[in-house]
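# Structure at a glance
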Amino acid sequence: MRTRRWIFSAVMRLLLRCLRIGQRHRFWPTQKVWQLWLYGRLCLRSLLYNSFTDSDTALDALFEPVYWLVDHITRWFGVVFVALVIILTSSVVCIVYVCLLPLILRTYPLPWVFWHFIYGHWNLVMIVFHYYMAITTQPGYPPQSKSDIAAVSICRKCIAPKPARTHHCSICNRCVLKMDHHCPWLNNCVGHFNHRYFFSFCLFMTMGCIYSSVSGWDMFWEAYAAIEKMKLLAKERLQVTANQTYGQTPPPTFTFQERAFHKSVVYAWVLCSSVALALGALMIWHTVLITRGETSIERHINRKEKRRLQKKGKVFRNPYSYGPLGNWKVFLGVERKRHWVTRVLLPSTHPPKGSGLNWDTTPYGPEQKTALLAI
Ligand SMILES: [Zn+2]
Ligand SMILES: [Zn+2]
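What you see is a predicted model, and the numbers here were worked out from it, not measured in a lab.

Rules behind the numbers
- Residues numbered from 1 in each chain as written.
- Chains lettered and ligands numbered in written order.
- Predicted model: local features only at pLDDT ≥ 70, side-chain atom pairs only at ≥ 80, totals over all residues.
- Heavy atoms only, no water.
- Donors = N, O, S within 2.8 Å, 3.2 Å for Na, K, Ca; no water.
- Tetrahedral: all angles 85-135°; square planar, octahedral: opposite > 155°, others 65-115°.
- Helix = DSSP H or I, 4+ residues; strand = E, 2+ residues; numbered from the N terminus.
- Polar contact = N/O pair within 3.5 Å; in protein donor to acceptor, adjacent residues only side chain to side chain.
- Salt bridge = Lys/Arg side-chain N within 4 Å of Asp/Glu carboxyl O.
- Buried < 20%, exposed > 50% of the residue type's maximum accessible area, 1.4 Å probe, protein only.
- Phe/Tyr/Trp six-rings, centres within 6.5 Å; stacked < 30°, edge-to-face > 60°.
- Lys NZ or Arg CZ within 6 Å of the ring centre and 35° of its normal.
- pLDDT = per-residue confidence, 0-100.
- Contact = heavy atoms within 4.5 Å.
- Axes fitted to C-alpha atoms, helices over the stretch in contact; angles between N-to-C directions.
- Parallel < 35°, antiparallel > 145°, perpendicular 65-115°, else oblique.
- Left-handed = near helix turned anticlockwise from the far one by under 90°.

### Some words on the coordination of the zinc ion (ligand 1)
- Those donors, C155 (SG), C158 (SG), H168 (ND1) and C175 (SG), are the protein atoms that reach the zinc ion (ligand 1), and they lie 2.1 to 2.3 Å from it.
- Here the zinc ion (ligand 1) is ringed by four donor atoms whose angles at the metal span 99 to 128°, and the overall shape comes out tetrahedral.
- Sequence spacing among the residues donating to the zinc ion (ligand 1) works out to C-x2-C-x9-H-x6-C. Residue C155 is located in strand β1 (residues 151–155), and its partner C175 is located in strand β4 (residues 174–176); the two are separated by 20 residues in the primary sequence.

### A short note on the side chain of N318
- Locating N318 in the fold gives a position in the loop between α9 (296–311) and α10 (324–332).
- Of the polar contacts made by the side chain of N318, one reaches the backbone nitrogen of Y320; its length is 3.1 Å.

### Observations regarding the pattern of salt bridges
- Under the definition given, this model contains four salt bridges.
- A salt bridge links R165 to E298, with the shortest nitrogen-to-oxygen separation between them at 2.7 Å. With R165 in the loop between β2 (160–163) and β3 (167–169) and E298 in helix α9, this pair connects stretches of sequence that are 133 residues apart.
- The class for R165 is buried, based on a relative accessible area of 4%.

### Comments concerning the packing of aromatic side chains
- Inspection of every chain in the model, using the stated rule, returns 18 aromatic pairs.
- Ring plane angle 85° and centroid distance 6.3 Å describe the contact between F129 and Y197, whose orientation is recorded as edge-to-face. Of the two residues, F129 is situated in helix α5 (residues 110–136) and Y197 in helix α6 (residues 195–215); the sequence distance between them amounts to 68 residues. Y197 shares its class with F129; the two are buried.
- An aromatic cluster is defined as three or more aromatic residues linked by ring pairs; in this entry it consists of W115, Y119, W122, F204 and Y211.
- Across from the ring centre of W359, 4.6 Å away, lies the NZ or CZ of R165, which sits over that ring.
- Over the ring of Y141 we find R174, and its NZ or CZ is 3.5 Å from the ring centre.

### Overview of the environment of L88
- If you trace the backbone, L88 turns up in helix α4 (residues 64–107).
- Spatially, the C-alpha atoms of L88 and L271 are 8.5 Å apart, while their sequence positions differ by 183 residues.

### Here's the deal with the confidence of the model for the protein
- Confidence in the prediction of the protein, expressed as mean pLDDT, is 84, and 82% of residues score 70 or more.
- Across residues 369–375, confidence stays below pLDDT 50; counting only partners more than four residues off in sequence or on other chains, it has 20 contacts.

### With respect to the coordination of the zinc ion (ligand 2)
- Taken together, the protein ligands of the zinc ion (ligand 2) are C169 (SG), C172 (SG), H182 (ND1) and C189 (SG), with distances of 2.1 to 2.3 Å.
- Considering all four donor atoms around the zinc ion (ligand 2), the spread of angles at the metal, 100 to 115°, places the coordination shape in the tetrahedral class.
- Positions of the donor residues of the zinc ion (ligand 2), expressed as sequence spacing, correspond to C-x2-C-x9-H-x6-C. Taken together, the residues span a long stretch of sequence, with C169 in strand β3 and C189 in strand β6 (residues 188–190) at a distance of 20 residues. By the burial criterion, C169 is buried, and C189 matches it.

### Considering the packing of α4 against helix α8 (residues 256–292)
- Axis separation between α4 and α8 bottoms out at 10 Å; the angle between their running directions is 130°. Taken together, the axes of α4 and α8 lie oblique to each other. Read as a crossing pair, α4 and α8 show a hand that is left-handed. Note on element contacts: α8 touches α4 through F261, S264, V265, Y267, A268, L271 and C272, opposite L88, S91, V92, I95, C99, L100 and L103.

Now the structure itself:
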């Protein structure tokens, strides 16, 4: 036992001696390895170090490959999504014109026909106009030269100055003024210049879907009952054909037009009510954001900032909020009373207030300067 311990300590002493000799005479690259390690650590820290770096930044870095994949899929499928919106909307409009309109004209009293005609067409025009404008209007991009803008930060992807409320869209691969989000259903970013078109499209599409679902409720149940009856008759027919020896006549069948009519009514109603629910929820969320004077991205930033200031016993105030009514007036571009009709209830191409590069901010305390920089 003693001999073994002696051998072990002798080997260790020899190893340490060799290491010291190697270091002294630079046989071992320990110094080089250490320098490399220090250099690598410095590079990593200089790349990642930021006063805002926290667990969220680390998570973002970890999920970077997933974001990359989602960004690319969204970019590739953007055109498919737009085509889907156009096809689905056109299919419902065709069903209304071909199947429902003749029925409405035959059965409804004249005042109801007039109401449906006027309201339906106004709603359709508003949907088509705002969707077309939302997909064709550029959201707004900051200029590349420094002199034109009051930049509050630098985009680390574009390596260009970034005005307040501007964010980098990884799908469009450029900075967007007052960016709200990238919408795959528009295949476009929602930003300063097309935010109103996007919201109006959501609003009028939801209104149109609710209108179609409510006014088509009775027709839907009749069509649904007819389809159930169709299935029963088909079953009976099968049974009669199997027992033809008893001399029974098969039950009558629905014509192709009748079958197509009932199925189309059910399809249109299910589609409209589903869109009304999904888009309605999105529209309500954006209504809340606009009332607060925030974009979807700013909602996350402001929530964080609110928590940070709360810990210090301070109250967060959004510097870009002009009060609920003021926010709506700025968002919709309402400057006079008649604009509520001409600019909100009728198609209008008026540009939004301001250039999107500089923003009037309500007075804020020194603590909130950091929030402004982050936004
Ligand atoms: Zn950028
Ligand atoms: Zn985008």
